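Each chain, letter by letter, is given below.
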Amino acid sequence: MTAPILNRRQLNRATLACQWLLERVAVSPLEASEHLIGLQAQLPAPPFIGLWTRLRHFRQRELLDLLQRRKIVRATLMRATLHLVSAADYVRFRPALQPALTRSLQSFFRRGGDPAVQSAVLEAARSLLQEGPSTFAALRQRLAERFPELAPAYIAYLVRMQLPLVQVPDQEPWGFSTNPRYADASDWLREEGEPWPPEEGMSLLVRRYLAAFGPASLKDLQTWSGLTGLASLVRSLRADLCLYRDEQGQELFDLPNQPLPPEDLPAPLRFLPEFDNLLLAHADRERILPAAYRRAVLLPPGRVLPTILVDGFVAGTWTVQRQRDRHKLLITPFVSLAAGQRDELVAEGERLLAFLSPEAEAERAEVEIL
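Residues numbered from 1 in each chain as written. Predicted model: local features only at pLDDT ≥ 70, side-chain atom pairs only at ≥ 80, totals over all residues. Heavy atoms only, no water.

Another point: the pattern of salt bridges. For the structure shown, the criterion picks out 21 salt bridges. The shortest N-O distance in the salt bridge between Asp311 and Arg9 comes to 3.0 Å. In this pair, Asp311 sits in the loop between strand 13 (307-310) and strand 14 (313-323) while Arg9 sits in helix 1 (residues 8-18), placing the two residues 302 residues apart along the sequence. Residue Asp311 is classed as partly exposed on the basis of its relative accessible area, which comes to 32%. By relative accessible area, which is 27% here, Arg9 ends up partly exposed. Close ionic contact of Asp276 with Arg54 constitutes a salt bridge, the shortest N to O distance being 3.0 Å. Residue Asp276 is found in the loop between strand 10 (270-272) and helix 13 (294-297), and its partner Arg54 is found in the loop between helix 3 (46-52) and helix 4 (60-68); the two are separated by 222 residues along the sequence. As far as burial versus exposure is concerned, Asp276 and Arg54 are alike and both buried. (Salt bridge = Lys/Arg side-chain N within 4 Å of Asp/Glu carboxyl O. Helix = DSSP H or I, 4+ residues; strand = E, 2+ residues; numbered from the N terminus. Buried < 20%, exposed > 50% of the residue type's maximum accessible area, 1.4 Å probe, protein only.)

Below, the structure is given as structure tokens:
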């Protein structure tokens, strides 16, 4: 049978539905972190905003408690970047993602260095971490003293990419300081059991990715995960998947019974945080981010600005300015906004300010559309 063709708006609405951006849902932050397969966490605050924009009645304290109880962890995973993921998902998926982390190391340091030297450095790092969690600056310094012939930057990246490490939360408002301590994941997550075999984790990872970001292509999956060579795995799952094509004829995959809303379904205005995975989970990002705005949102080196969604697509950026006792949310739209859209944007912006700065009085919080 010929696979149905999905146009860009249909892909947009399907992805928004999977991402809980058409309507906020009433689930726990732990359930949300697993459905979304983690929240990009290059900075501490964005995961909290990402949950606020998707969940009903989300409170900052809920996520902080999960971090303290070791039910959610901050660690290097997809695309060799920091994510908040459930502890259970870390155990399931970390071994499967190791090839992507190794490739990242090799891309920065040619072939990655001498295997024997690598093993010695990693064993030394494990030994030091057995003494207890350590900041990376302190760990790097102690390792550099043991291996003076190696560049400290190489030592640091080798340990980050090759050892399963998690960051230890502290008492900062968003859970982590700018210089957090790291722990060996096998010690920090001992109650979660042994890591999954890579092949089992990878098979589940594909299904979970489609549940959160489908319909999607093989290239989309590889872009999101940072992994390569997944064609044979996807082929092995074809019989259990729904098949589509985009307007360029590219094959797309999805799980059965996934939402496929009509393309004209209204989409509410939404605020997305910096680095939100919605903008990073596909090779072709135009289902969410129009090509005309790509350079205004995706900045070198690897920065992703906080954005607004209008009619389901990126249509501007936002930032919060704090001046003494005043908090101002500045919105820079890329499109002309109707009066009703401006009112909706201001109302949603006021709710966002109330979440980000609950101590600020309403009269000291301001939303401005530039």
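Moving on: the packing of helix 6 (residues 115-129) against helix 8 (residues 152-162). The geometry of helix 6 relative to helix 8 is characterised by a closest axis approach of 10 Å and an angle of 75° between their N-to-C directions. Compared by their axis directions, helix 6 and helix 8 come out roughly perpendicular. On the side of helix 6, the interface is formed by Gln118, Val121, Leu122 and Ala125, while helix 8 contributes Tyr154, Ile155, Leu158, Val159 and Gln162. The class makeup of the residues in the contact of helix 6 with helix 8 is seven nonpolar, two polar and no charged. (Axes fitted to C-alpha atoms, helices over the stretch in contact; angles between N-to-C directions. Parallel < 35°, antiparallel > 145°, perpendicular 65-115°, else oblique. Contact = heavy atoms within 4.5 Å. Nonpolar A, V, L, I, M, F, W, Y, C, P; charged D, E, K, R; others polar.)

What follows deals with the sheet that holds strand 14. Ordered in space as 10-13-14-15-16, the five strands form an open sheet in which the pairing is mixed. Each edge of the open sheet carries a strand with a single partner, namely strand 10 and strand 16 (365-369). Ignoring strand direction, the axes of neighbouring strands in this sheet form an average angle of 25°. Direction of pairing for strand 10 relative to strand 13: antiparallel, over a ladder of three bridges. The partner of Phe271 across the bridge, within strand 13, is Ile308. Here helix 14 (residues 339-356) sits on the sheet in contact with strand 10, strand 13, strand 14, strand 15 (326-333) and strand 16, set at roughly 145° to strand 16. (Pairing = 2+ DSSP bridges.)

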